[in-house]
Amino acid sequence: MKVNQSIAISENGFVFNPVTGDSFTINNTGFQILGMLKSGKTIEQIKETLLSEYDLDALVLERYLQDFITDLKRNNLLLEE
């Protein structure tokens, strides 16, 4: 998966897609995930990073991460390679 290169992401979690004119606000964890995706990390690497940094249940993380990825795709912020 690849982050749509046309989007703009601010330090405070504001995401703007200039192609569609849509804007979104994401929390710190979403910002961290989007940053890791943008740097080329795989979903598995992202899961490992989040599990090492936060006290999370792996199954719960999997569900939330998949929901977030689905939302990114739905809003044209993430592209299939």
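Above: the structure in question.
These numbers were taken from a predicted model, which means no experiment stands behind them.

Visitor: In this structure, what is going on with helix 3 (residues 58–74)? I would like to understand it.
Guide: Along an α-helix, residues three or four apart share an orientation, since each turn contains 3.6 residues. Between its first and last C-alpha atoms helix 3 spans 24 Å; for 17 residues at 1.5 Å apiece the expected length is 24 Å, and the two agree. All of the buried residues in helix 3 are L61, L65, F68, I69 and L72. In an axial view of helix 3, the angular spread of the buried residues amounts to 100°, which keeps them on one side of the axis. Exposed and facing more than 90 degrees away from the buried side of helix 3 are L59 and R74.

Visitor: Help me understand the environment of E53, please; the structure alone is not making it clear to me.
Guide: Note that E53 resides in helix 2 (residues 43–53). A sequence separation of 51 residues divides E53 from K2, and the C-alpha atoms of the two residues are 23 Å apart. Looking at E53, its side chain comes within polar contact range of the side chain of Q32, at 2.8 Å.

Visitor: Even after reading the chapter, I still don't get the nonpolar core, so can you show me in this structure?
Guide: For soluble globular proteins, the rule of thumb is that nonpolar side chains tend to be buried together. By size, the foremost hydrophobic cluster in this structure holds 18 residues, and its most contacted members are I33, L37, I46, I69 and L72. At the level of secondary structure, the elements contributing two or more residues to this core comprise helix 1 (28–38), helix 2 and helix 3. It is helix 3 that provides the largest number of residues to this core, a total of five residues. Not counting the four nearest positions on each side in its chain, L37 is found in contact with V3, I43, I46, I69, L72 and L78.

Here is what the cut-offs are and how they apply
- Here the residue index of a chain counts from 1 through its sequence in written order.
- Where totals are concerned, whole chains, interfaces and linings use all residues; where local detail is concerned, this predicted model gives features only for residues with pLDDT of at least 70, and gives and counts side-chain atom pairs only at 80 or more.
- As a convention, hydrogens and water are excluded, and side-chain values are obtained from all of the structure's heavy atoms.
- A run of DSSP states H or I qualifies as a helix once it reaches four residues; a run of E qualifies as a strand once it reaches two. Both are numbered from the N-terminal end.
- Multiplying 1.5 Å by the helix residue count minus one yields the expected span of that helix.
- Type-normalised accessible area, obtained with a 1.4 Å probe on protein chains alone, sets the label of each residue: buried when under 20%, exposed when over 50%, and partly exposed for intermediate values.
- Read the arc as the range of directions from the helix axis to the C-beta atoms.
- Polar contacts here mean pairs of N or O atoms no more than 3.5 Å apart (in protein, one a potential hydrogen donor and the other a potential acceptor; neighbouring residues in sequence count only if both atoms are side-chain atoms).
- The nonpolar core is taken to be a set of buried Ala, Val, Leu, Ile, Met, Phe, Trp, Tyr and Cys residues, with the residues joined through side-chain atoms within 4.5 Å.
- Residue contacts are counted whenever heavy atoms from the two residues lie within 4.5 Å of one another.

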